[in-house]
Amino acid sequence: MIPTWLQNDYQRLVALGANKQLHHGLLLLGNQGVGSFDLAQQLAFDLLCLTNPMQACGHCKACLLNQSQTHPDYLLIAPEKDTISVEQVRAISDFFVTSANYQGNKVVIIKNAESLTLSASNALLKTLEEPNSNRYLMLLAHNSAALPATILSRCFKVHLSVDLELANSFISSLGIDINAPWVRAFLHRPQTLAIWQQQEQINVIEDLYTMTMQSTMQTRHKQLLELFNQNPDYIDIFVQFCAQKLQTELLSNTLDIKCYQEKSQALISFADKFKEVKGLNLSLQLNLLLKKLSDL
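Residues numbered from 1 in each chain as written. Predicted model: local features only at pLDDT ≥ 70, side-chain atom pairs only at ≥ 80, totals over all residues. Heavy atoms only, no water.

Asks: Help me out: how do you make sense of the nonpolar core in this one?
Replies: In globular proteins that are soluble, nonpolar side chains generally tend to be buried together. Grouped together as the largest cluster of nonpolar side chains are 71 residues, with contacts concentrated most on Trp182 and Phe238. The biggest single contributor to this core is helix α11 (residues 233–251), with eight residues. Sequence-distant contacts of Phe238, that is, excluding residues within four places in its chain, are made with Leu208, Thr212, Met217, Leu224, Phe228, Leu286, Leu289 and Leu290. Listed in part, the 23 residues of the second largest apolar core include Val108, Leu116, Leu137 and Leu152. (Core = buried A, V, L, I, M, F, W, Y, C linked by side-chain atoms within 4.5 Å. Buried < 20%, exposed > 50% of the residue type's maximum accessible area, 1.4 Å probe, protein only. Helix = DSSP H or I, 4+ residues; strand = E, 2+ residues; numbered from the N terminus. Contact = heavy atoms within 4.5 Å.)

In structure tokens, the structure reads:
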């Protein structure tokens, strides 16, 4: 189901498709938790429907196959061991050159397109440069800067964002207090909260926020490390909470601009190192970060 804040983007793409103007290569750019995949998947179902062009009927053979995730003209590509390989991209090329099973469109969605290796990106260029008729490729990414310029220039880019009023309404519908201070970090990606709630992790997020806001955060090294080892996704949330704390201290004049910049840089460095080096000694890096945040 497409989130309410993406309905305008969705309707715009549907209109392009109905007028035979939909670009063969779409790049959907949005934060994790904004609903990019939901939009792309619904668009794929619309393109594959045998009854209504650009509006999935939900009842035809194609729609039923999509609902059971077995449609032979739909391919989903996701990172394997943190990367999308050239072999996976070659599979896309092979998929596109064969005839459609239902004599209609063929659709490929690539999740986390930033994970494309250099050779995979180069291999994907041919597909983008020489599109087959009735073939549609949708790339989902959080950060356009992580993609090669050659890929960016050959895609129709759609920047997805969240309306704050709609985000507040969505979060309230989950039964979460929108006035809770930690909720602010999720306003730009509200669907993440729905996932955490389904996994019964909201209490963990609240505890993580409490630990982050304490002046004695450095003494929480062991607890934070246990959380991060339990689920690496907590690291991203921790970084956001720390950034929120620094902004609050800056605005309240309890932190001068120089200290704010130094602490923010330490936080960014920690986040970048974790993303770039999967075998990172997390305990050591976390200890260095907590020390810098406390001592600067």
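That covers the picture; the talk isn't over yet.
Asks: Looking at this structure, how should I read the sheet that holds strand β3 (residues 106–110)?
Replies: Paired through their backbone hydrogen bonds, the strands of a sheet run either parallel or antiparallel. Spatially, β2-β3-β4-β1-β5 is the arrangement adopted by the five strands of the open sheet, whose pairing is parallel. At either end of the open sheet lies a strand with only one pairing partner, and these are β2 (74–77) and β5 (156–159). Direction aside, neighbouring strands of the sheet carry axes that sit 15° apart on average. (Pairing = 2+ DSSP bridges. Axes fitted to C-alpha atoms, helices over the stretch in contact; angles between N-to-C directions.)

Asks: Just checking my understanding: could you explain the packing of helix α4 (residues 86–97) against helix α5 (residues 118–129) for this structure?
Replies: At a closest axis distance of 8 Å, the pairing of α4 and α5 adopts a crossing angle of 15°. When the axis of α4 is compared with that of α5, the two are roughly parallel. The two elements α4 and α5 meet at a crossing, and its hand is left-handed. Taken together, the residues of α5 that come into contact with α4 (itself represented by Val86, Val89, Ser93 and Phe96) are Ser119, Ala120, Ala123, Leu124 and Thr127. Residue composition of the contact of α4 with α5, by class: six nonpolar, three polar and no charged. (Parallel < 35°, antiparallel > 145°, perpendicular 65-115°, else oblique. Left-handed = near helix turned anticlockwise from the far one by under 90°. Nonpolar A, V, L, I, M, F, W, Y, C, P; charged D, E, K, R; others polar.)

Asks: So what exactly am I meant to see when it comes to the packing of aromatic side chains here?
Replies: What describes a pair of aromatic rings is the distance from one ring centre to the other and the angle between the planes of the rings. Throughout the structure, instances matching the rule amount to eight aromatic pairs. Ring geometry for Phe95 against Phe96: centres 5.9 Å apart, planes inclined by 45°, an arrangement best described as tilted. The two residues Phe95 and Phe96 agree in class, both being buried. With a centroid separation of 6.0 Å and 85° between ring planes, the pair formed by Trp182 and Phe186 is classed as edge-to-face. When its relative accessible area of 1% is taken as the criterion, Phe186 is described as buried. One aromatic cluster is present, formed by Trp182, Phe186, Tyr209 and Phe241 through successive ring pairs. Above the plane of the ring of Phe95 lies Lys106, whose end atom (NZ or CZ) is 4.2 Å from the centre. (Phe/Tyr/Trp six-rings, centres within 6.5 Å; stacked < 30°, edge-to-face > 60°. Lys NZ or Arg CZ within 6 Å of the ring centre and 35° of its normal.)

Distances and angles like these do not, on their own, reveal function.
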